[in-house]
Amino acid sequence: RCYGLNRATGTPEWVCRVGFDIPWPPTQIETDGANRLIVPWSADGKMRVSVTAVDSPAPLWTLHLTGGSTLANRPAAVGSDLYVALEEGELWQLNLADGRCRAVLQFPEPLAGPVLFDPAGRTAVCTGRDLAVYLLDLAETVSVRSVALRPQSTSDEAHFSVWVQPFLLHFKNEAEGDCRV
């Protein structure tokens, strides 16, 4: 359960069920001057993502993920959109106000880690399980700008990226112990 506690008294003002196995707590965002919570939760073995007002547990809208879909990382709000990445290789772009789907980007492989958004909110990057690195344009509908690295050897241990403006640094950890940037 997720409890909304009164800041002054600590007493619960609202409670919502989020499930036992969810990987991230709710995230507070501000959109159009209103405070909202992005709440990933599960029920009946299926993941969901809801957007609620901070002062009420009633969802403004909910995305019901299909089958055994798994979140690749915490849903992220960028501008007026909510991005929901699935490990199965999909990135959903939803209208933050009403949950309407703007686009679904299908990658040719499952995702290996989180989608990372640049601080300006115009570009994102994600890594596929075959270790291709996808640069994304965040526009009216999300699209792949380029594939920076083609599929690599599976002896690579891990890949991750970080934005250090004006650069995107991509780290590649190899089984032999080398880390390449």
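Just so we're clear, the structure is a prediction, and the values are computed from it rather than from any experiment.

Visitor: When you look at the sheet that holds strand S4 (residues 34-43) in this model, what are you seeing that I'm missing?
Guide: Backbone hydrogen bonds are what pair the strands of a sheet, in a parallel or an antiparallel way. Pairing within the open sheet is antiparallel, and its four strands lie in the order S3-S4-S5-S6. Only two strands of the sheet have a single partner each, and these edge strands are strand S3 (27-31) and strand S6 (59-64). Taken over all neighbouring pairs, the strand axes of this sheet differ in orientation by 25 degrees on average, direction set aside.

Visitor: Just to check I follow, could you spell out the nonpolar core for this structure?
Guide: For soluble globular proteins, nonpolar side chains are generally found buried alongside one another. In this structure, Leu91, Phe107, Phe117, Leu136 and Val142 are the most contacted members of the largest nonpolar core, which totals 19 residues. Mapped by element, the contributors of at least two residues to this core are strand S7 (76-78), strand S8 (81-86), strand S10 (101-106), strand S12 (123-127) and strand S13 (133-137). Once you skip the residues sitting within four places of it in the chain, Leu91 turns out to touch Tyr83, Val84, Ala85, Ala103, Val104, Leu105, Phe107, Val115, Leu136 and Val142. Ranked by size, the runner-up nonpolar core spans 15 residues in total, among them Met47, Val49, Leu86 and Leu96.

Visitor: Which parts of the structure should I look at to understand the side chain of Gln93?
Guide: With respect to the secondary-structure elements, Gln93 resides in strand S9 (residues 90-95). Separated by 3.4 Å, the side chain of Gln93 and the backbone oxygen of Glu140 make a polar contact. Filtering out sequence-adjacent residues up to four positions away, Gln93 remains in contact with Asp81, Leu82, Tyr83, Arg100, Cys101, Arg102, Ala103, Ala139, Glu140, Thr141 and Val142.

Visitor: Looking at this model, I keep getting lost on the confidence of the model for the protein. Mind explaining?
Guide: Low pLDDT means the predicted coordinates in that region are not meant to be read closely. The predicted model of the protein averages 80 in pLDDT, with 81% of residues at 70 or higher. Mean pLDDT across the elements of the protein ranges from a minimum in strand S17 (residues 179-180), with 56, to a maximum in S10, with 94.

Visitor: In this structure, what is going on with the environment of Leu105? I would like to understand it.
Guide: Take Leu105: it is sitting in strand S10. The buried category is assigned to Leu105, whose relative accessible area is 14%. Taking the C-alpha atoms as reference points, Leu105 and Val144, 39 residues apart in sequence, are found 8.3 Å from one another. If we skip the residues at most four places from it in the chain, Leu105 touches Gly89, Glu90, Leu91, Leu136, Val142, Ser143 and Val144.

Visitor: So what exactly am I meant to see when it comes to the pattern of salt bridges here?
Guide: Charged atoms that come close allow side chains of opposite charge to pair. Under the defined criterion, the tally for this structure stands at three salt bridges. Of the charged contacts, one joins Arg102 and Glu140 as a salt bridge, the two residues approaching to 3.5 Å between their closest N and O atoms. Taken together, the positions of Arg102 in strand S10 and Glu140 in the loop between S13 and strand S14 (143-149) put the pair 38 residues apart, joining distant regions of the chain. Take Glu140: its relative accessible area is 58%, and that puts it in the exposed class. With its nearest N and O atoms 2.6 Å apart, the salt bridge here joins Asp137 to Arg145. Residue classification places Asp137 among the partly exposed residues on the basis of a relative accessible area of 25%. A relative accessible area of 47% places Arg145 in the partly exposed class. Sharing partners across several salt bridges, the network here consists of Asp81, Arg102 and Glu140.

Basis of the calculations
Residues numbered from 1 in each chain as written. Predicted model: local features only at pLDDT ≥ 70, side-chain atom pairs only at ≥ 80, totals over all residues. Heavy atoms only, no water. Pairing = 2+ DSSP bridges. Helix = DSSP H or I, 4+ residues; strand = E, 2+ residues; numbered from the N terminus. Axes fitted to C-alpha atoms, helices over the stretch in contact; angles between N-to-C directions. Core = buried A, V, L, I, M, F, W, Y, C linked by side-chain atoms within 4.5 Å. Buried < 20%, exposed > 50% of the residue type's maximum accessible area, 1.4 Å probe, protein only. Contact = heavy atoms within 4.5 Å. Polar contact = N/O pair within 3.5 Å; in protein donor to acceptor, adjacent residues only side chain to side chain. pLDDT = per-residue confidence, 0-100. Salt bridge = Lys/Arg side-chain N within 4 Å of Asp/Glu carboxyl O.

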